[in-house]
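Chain residues, written in single-letter form:
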Amino acid sequence: MALTKTDFDNLDVRIENIVSQSVEQIQVETDLPPTIDQLQDNNKTYSLVAAILFIDIRKSTYLTENSQAKSMVKIYRSFMRMAVECVRKNGGVTRQFLGDRIMGVFIDSLDENGIVIESAVDKAVNAARSLQTVITFSLNKHLKTKVNGKIIECGIGIDYGKVLVTKVGMYGVEQNEEKEDEMDCVWVGNTTNYASKFSDLAAGGEIFISENVYQKMSACFKENWTNVAKVKGEKVFEGYVIKDYFWIILMN
């Protein structure tokens, strides 16, 4: 089976339709981002201002190459469960699973008068602290004793700003009713890109946040951060880092 001339012509029409349609933005007015089922398969996008968090396992390629496949199943499943719960317990939702990394989304919580009662950046920073705490004092404890002495380190990146969300992919019924739907959503904008880059640049145990996040987070969280500039490729990323930023209350 291959792409036929008819397939090519049909695909050419679909591509032309996508790039010819204008992009409509629908403002999100809740403290949760849309699910994939709420998104439409067209150029209508949801627009939201959010804190985006990425957490990434350091040296995951080395870890995979030096571990049995069954061990990696345990590592990835426990890592993903831990990350989702830490994001959820701090008022966010997980919207991407990318093997050795997860993306969390946090939106300001407002009261009935539209006043912010819990900011997106505070939620994201609290989630990052929760993640580093659970990794160090729970996840690694169990991996070390039950998965051949393995431990992991993670870097976390956070940025805050406008994001567009759109549905991508293909419904199975377009070609064959027996085919599965192959749909996902894409988070478009500098905020997502920068949060991902900050995660890449964060050392194991570090949280790397943008200037925007630092300025918007509550004063009670601003102690002990270090202003830094890190380079990825030819671009310099400026922000603030903190290492081993744990929830001490959980250790008592």
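This one's a predicted model, so the numbers in the text were calculated from it and none came from an experiment.

Asker: Kindly report on unusual backbone geometry, identifying the contributing residues and their values.
Answerer: Glycine aside, a negative phi is what most residues show, and trans is what most peptide bonds show. With a phi close to 75°, Asn-224 is a non-glycine residue in the positive phi region. Looking at the secondary structure, you find Asn-224 in the loop between helix H6 (211–216) and strand E10 (226–232). In this structure, Asp-244 is a non-glycine residue whose phi angle is positive, near 55°.

Asker: Account for a nonpolar patch on the surface, with residues named and values stated.
Answerer: A cluster of nonpolar residues, Leu-3, Phe-8, Leu-11, Ile-15, Ile-18 and Val-19, forms a patch on the protein surface that exposes about 610 Å² of accessible area. Turning to its location among the elements, Val-19 is positioned in helix H1 (residues 5–20).

Asker: Can you break down the pairing of strand E9 (residues 206–210) residue by residue, with the values?
Answerer: For E9, a buried count of 5 out of 5 residues is recorded, marking the element as mostly surrounded by other parts of the structure. Here E9 shows a buried face lined by Glu-206, Phe-208 and Ser-210 and a second buried face lined by Ile-207 and Ile-209. Here strand E7 (residues 154–170) pairs with E9 via 3 bridges, running parallel. Opposite Ile-156, over in E9, you have Ile-207 as the bridge partner. When E9 meets strand E11 (residues 235–243), the two strands line up antiparallel, connected through 5 bridges. What sits directly across from Phe-208, in E11, is Val-241.

Asker: So what about the pattern of salt bridges? Which residues, and what values?
Answerer: This structure, assessed with the given rule, holds 7 salt bridges. Overlapping salt bridges bring together Asp-56, Arg-58, Arg-101, Asp-200 and Lys-232 as one network.

Asker: Go over helix H5 (residues 190–201), please, and point to the residues and values.
Answerer: Its 12 residues give H5 an end-to-end C-alpha distance of 16 Å, which sits within 8% of 16 Å, the value for a rise of 1.5 Å per residue. Inspection of H5 places Thr-191, Thr-192, Ala-195, Ser-196, Phe-198, Ser-199 and Leu-201 among the buried residues, and these make up the whole buried set.

Asker: Just give me the short version of the side chain of Thr-191, but keep the residues and values in it.
Answerer: Tracing the chain through its elements places Thr-191 in helix H5. The exposure class assigned to Thr-191 is buried, which follows from its relative accessible area of 6%. Looking at Thr-191, its side chain comes within polar contact range of the main-chain nitrogen of Gly-161, at 3.5 Å.

Asker: Hey, could you go over helix H3 (residues 69–89) for me, with residue numbers and the actual values?
Answerer: Look at H3: 30 Å from first C-alpha to last across 21 residues, which is about the 30 Å you get at 1.5 Å a residue. Along H3, the positions that sit buried rather than exposed are Ser-71, Met-72, Ile-75, Phe-79, Met-80, Met-82, Ala-83, Val-84, Cys-86 and Val-87. Directly after H3, the chain includes Gly-91, whose backbone phi takes a positive value near 85°.

Asker: Tell me about the confidence of the model for the protein, and please be specific about residues and values.
Answerer: Residue-level pLDDT values for the protein average 88, and 92% of them are 70 or greater. Across the protein, element-level confidence peaks in E9 with a mean pLDDT of 97 and bottoms out in helix H2 (residues 60–65) with 68.

Asker: How would you summarise the nonpolar core if you had to cite specific residues and measurements?
Answerer: One finds Ile-152, Ile-158 and Trp-225 to be the most contacted residues of the largest nonpolar core, which totals 42 residues. Breaking this core down by element, the ones donating at least two residues are strand E2 (44–57), H3, strand E4 (101–106), helix H4 (120–146), E7, E9, H6 and E11. Looking at this core element by element, the count peaks at 10 residues for H4. When sequence neighbours within four positions are dropped, the list of residues in contact with Trp-225 reads Val-125, Ile-207, Ile-209, Tyr-214, Met-217, Tyr-240, Val-241, Ile-242 and Tyr-245. Counting residues in hydrophobic clusters, the runner-up holds 15 residues, among them Ile-52, Val-93, Val-105 and Trp-187.

Asker: I'd like to hear about the packing of aromatic side chains, residue by residue, with values.
Answerer: Inspection of the entire model under this criterion finds 7 aromatic pairs. Measuring from ring centre to ring centre gives 4.6 Å for Phe-198 and Phe-208, while their planes differ by 45°; the resulting arrangement is tilted. Of this pair, Phe-198 sits in helix H5 while Phe-208 sits in strand E9; the two residues are 10 residues apart in sequence, bridging distant segments of the chain. Per residue, the accessibility class of Phe-198 equals that of Phe-208, and both read buried.

So, how was this worked out
- Residues numbered from 1 in each chain as written.
- Predicted model: local features only at pLDDT ≥ 70, side-chain atom pairs only at ≥ 80, totals over all residues.
- Heavy atoms only, no water.
- Helix = DSSP H or I, 4+ residues; strand = E, 2+ residues; numbered from the N terminus.
- Patch = residues over 30% accessible without salt bridge, like charges linked within 9 Å, V, L, I, M, F, W, Y side chains within 5 Å.
- Areas by Shrake-Rupley, 256 points an atom, 1.4 Å probe, with all protein chains shown as cover.
- Salt bridge = Lys/Arg side-chain N within 4 Å of Asp/Glu carboxyl O.
- Buried < 20%, exposed > 50% of the residue type's maximum accessible area, 1.4 Å probe, protein only.
- Pairing = 2+ DSSP bridges.
- Expected span 1.5 Å × (residues − 1).
- Polar contact = N/O pair within 3.5 Å; in protein donor to acceptor, adjacent residues only side chain to side chain.
- pLDDT = per-residue confidence, 0-100.
- Core = buried A, V, L, I, M, F, W, Y, C linked by side-chain atoms within 4.5 Å.
- Contact = heavy atoms within 4.5 Å.
- Phe/Tyr/Trp six-rings, centres within 6.5 Å; stacked < 30°, edge-to-face > 60°.

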